[in-house]
Amino acid sequence: MTQCLNPGCLKPNPPEIKFCQSCGEKLVLAERYRPLKIIGQGGFGITFEAVDEYKPSKPFCVIKQFFPQAQGTQTLSKAAELFAQEAERLDRLGIHP
Ligand SMILES: [Zn+2]
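Predicted model only: the values in this text are computed from it and were never measured. (Residues numbered from 1 in each chain as written. Predicted model: local features only at pLDDT ≥ 70, side-chain atom pairs only at ≥ 80, totals over all residues. Heavy atoms only, no water.)

Peer 1: Is there a simple way to think about the overall build of the chain in this case?
Peer 2: Scanning the chain from terminus to terminus reveals one helix and five strands. Counting from the amino terminus, the chain carries its helices and strands in the arrangement β-β-β-β-β-α. In the chain, buried positions account for 24% of the 97 residues. Here the analysis covers contacts within the chain between residues at least 6 apart in sequence; of these, 26% occur between residues at least 24 apart. As displayed, the chain offers around 6,700 Å² of accessible surface, 56% of which is attributable to carbon and sulfur atoms. Mean positive and mean negative side-chain charge positions of the chain (12 and 10 charges, respectively) differ by 2 Å. (Helix = DSSP H or I, 4+ residues; strand = E, 2+ residues; numbered from the N terminus. Buried < 20%, exposed > 50% of the residue type's maximum accessible area, 1.4 Å probe, protein only. Contact = heavy atoms within 4.5 Å. Areas by Shrake-Rupley, 256 points an atom, 1.4 Å probe, with all protein chains shown as cover. Lys, Arg positive; Asp, Glu negative; His and termini not counted. Charge placed at Lys NZ, Arg CZ, Asp CG, Glu CD.)

Peer 1: What is the right way to look at the pattern of salt bridges in this model?
Peer 2: Once the charged atoms of two side chains with opposite charge are near each other, the side chains can pair. Inspection of the entire model under this criterion finds six salt bridges. Two residues, Arg32 and Asp52, come together in a salt bridge whose shortest N-O distance is 2.8 Å. Placement of Arg32 in the loop between strand E2 (12-13) and strand E3 (33-41) and of Asp52 in strand E4 (residues 45-52) is noted, with a sequence separation of 20 residues between them. What makes Arg32 partly exposed here is its relative accessible area of 22%. (Salt bridge = Lys/Arg side-chain N within 4 Å of Asp/Glu carboxyl O.)

The quantities given are spatial measurements derived from coordinates; they are silent on function.
This is the structure in structure tokens:
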């Protein structure tokens, strides 16, 4: 299965296809990461289990989509800052033995 990343759609699609059958959006992020299913949803956005199709072993990975529920410029800016910090931490964690 390939999960559509469009927050207004989020429909499941068959594996191996490139565009969502419901909304027409591209399904593979950065020509590389194919979202498989939603594994979490919170105040910052949606987390998808995904597969890295660029690497020969096609390892599982995670796509975190920034889609904050908060309102107000300051709150959104703080949310963006925290999201970026989390992305850096997860990136470092990914190379830890
Ligand atoms: Zn879609």
